[in-house]
Amino acid sequence: KAGVTQTPRYLIKTRGQQVTLSCSPISGHRSVSWYQQTPGQGLQFLFEYFSETQRNKGNFPGRFSGRQFSNSRSEMNVSTLELGDSALYLCASSPKARTVNTEAFFGQGTRLTVV
Amino acid sequence: AQSVTQLGSHVSVSEGALVLLRCNYSSSVPPYLFWYVQYPNQGLQLLLKYTSAATLVKGINGFEAEFKKSETSFHLTKPSAHMSDAAEYFCAVSEEWGAGNMLTFGGGTRLMVKP
């Protein structure tokens, strides 16, 4: 069974631009979560989607948004990029949303560098 | 609100020595607890999880963790360190209701293994 796939793996953008990251969950998984990992702030929850609906959102500005498609694939978008948005963005998928003891499977991440 | 504290951002052990990585949590409800490992430029891999079935949890690669409610701790141990255990380890908590698959992570502990 293929794992969680994130594309692209590496990305360099300029301040002020916008970026879209993609996540394909494990087949059959309906919940997708996004996390930002930085040396200073560690791993922080961005948002979670289940059946195309955002279920939870972390404490991030509105420049960060996401969506989920009917095939459970998810995208996150960051507009008006700032230097501080440079981070590893991780996507995780789970089979269900309501059972919190369900394991979350993580992708390898997208390394975003803003210059 | 839930939170996780990992004592020691860096831990160094000799190969063959005991590994002990500390994790304390704060949660207003009975928590679900997880340990993840991250190798350089990789995503997170689940080592083990506590879901109230048993207080001593065995995971992959010889790791185990014990849930101690009175101490609000979930420390990770391995009897004998191997060079391949060198990585960053994250403790995470998820509450039962309303959090879906949202994980709150500790700051991480980088484990170094000396030959």
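Structure report, in brief. Fair warning: this is a prediction, and the values are worked out from it, not measured in the lab.

### Structural notes on the layout of surface pockets
Okay, step 1: Approximately 360 Å³ is the volume attributed to the largest pocket.
Okay, step 2: What lines the largest pocket is a set of 15 residues, among which Gln37 of chain A together with Gln38, Glu88, Phe90 and Arg110 of chain B lie closest to the centre.
Okay, step 3: When grouped by side-chain class, the residues that make up the lining of the largest pocket number 5 nonpolar, 7 polar and 3 charged.
Okay, step 4: Of all elements in the fold, only strand S5 (42–50) of chain A together with strand S11 (104–105) of chain B reach the threshold of two or more residues within the lining of the second largest pocket.
Okay, step 5: Per element, the largest residue contribution to the lining of the second largest pocket is 3 residues, and it comes from S5 of chain A.
Okay, step 6: Among the residues making up the lining of the second largest pocket, the classes are represented as 6 nonpolar, 4 polar and 1 charged.

### Overview of the sheet that holds strand S7 (residues 64–68) of chain A
Residue and element names in this part refer to chain A.
Okay, step 1: If you trace the 4 strands from one edge of the open sheet to the other, you get S1-S3-S8-S7, paired in antiparallel fashion. Of all strands in the sheet, those bounded by a partner on one side alone are strand S1 (5–7) and S7. Averaged over all adjacent pairs, the angle separating strand axes in this sheet is 20°, with direction ignored.
Okay, step 2: Pairing geometry for S1 and strand S3 (residues 19–24), over 3 bridges, is antiparallel. The partner of Thr5 across the bridge, within S3, is Ser24.

### A closer look at empty space enclosed by the protein
Okay, step 1: Tallying each qualifying case throughout the model produces 1 cavity of 30 Å³ or more.
Okay, step 2: There is about 50 Å³ of room inside the largest cavity.
Okay, step 3: In terms of residue class, the lining of the largest cavity is built from 2 nonpolar, 3 polar and 2 charged.

### Section: the state of the cysteines
All names here are of chain A.
Okay, step 1: Counted under the stated rule, the structure contains 2 disulfides over all chains.
Okay, step 2: The disulfide partner of Cys23 is Cys91, and the S-S distance across this bridge is 1.8 Å. What sets the handedness of the Cys23 and Cys91 disulfide is the S-S torsion sign, and at about -60° it is left-handed. Within this pair, whereas Cys23 is found in strand S3, its partner Cys91 is found in strand S9 (residues 87–94), the two being separated by 68 residues in sequence.

Each value, and the rule that gives it
- Residues numbered from 1 in each chain as written.
- Chains lettered and ligands numbered in written order.
- Predicted model: local features only at pLDDT ≥ 70, side-chain atom pairs only at ≥ 80, totals over all residues.
- Heavy atoms only, no water.
- 1 Å grid on protein atoms, 1.4 Å probe; cavity = no way out; pocket = protein on both sides within 12 Å on 5 of 7 lines; lining within 4 Å.
- Points joined across faces, edges and corners; volume = space filled by probe spheres on them.
- Nonpolar A, V, L, I, M, F, W, Y, C, P; charged D, E, K, R; others polar.
- Helix = DSSP H or I, 4+ residues; strand = E, 2+ residues; numbered from the N terminus.
- Pairing = 2+ DSSP bridges.
- Axes fitted to C-alpha atoms, helices over the stretch in contact; angles between N-to-C directions.
- Disulfide = S-S within 2.5 Å.

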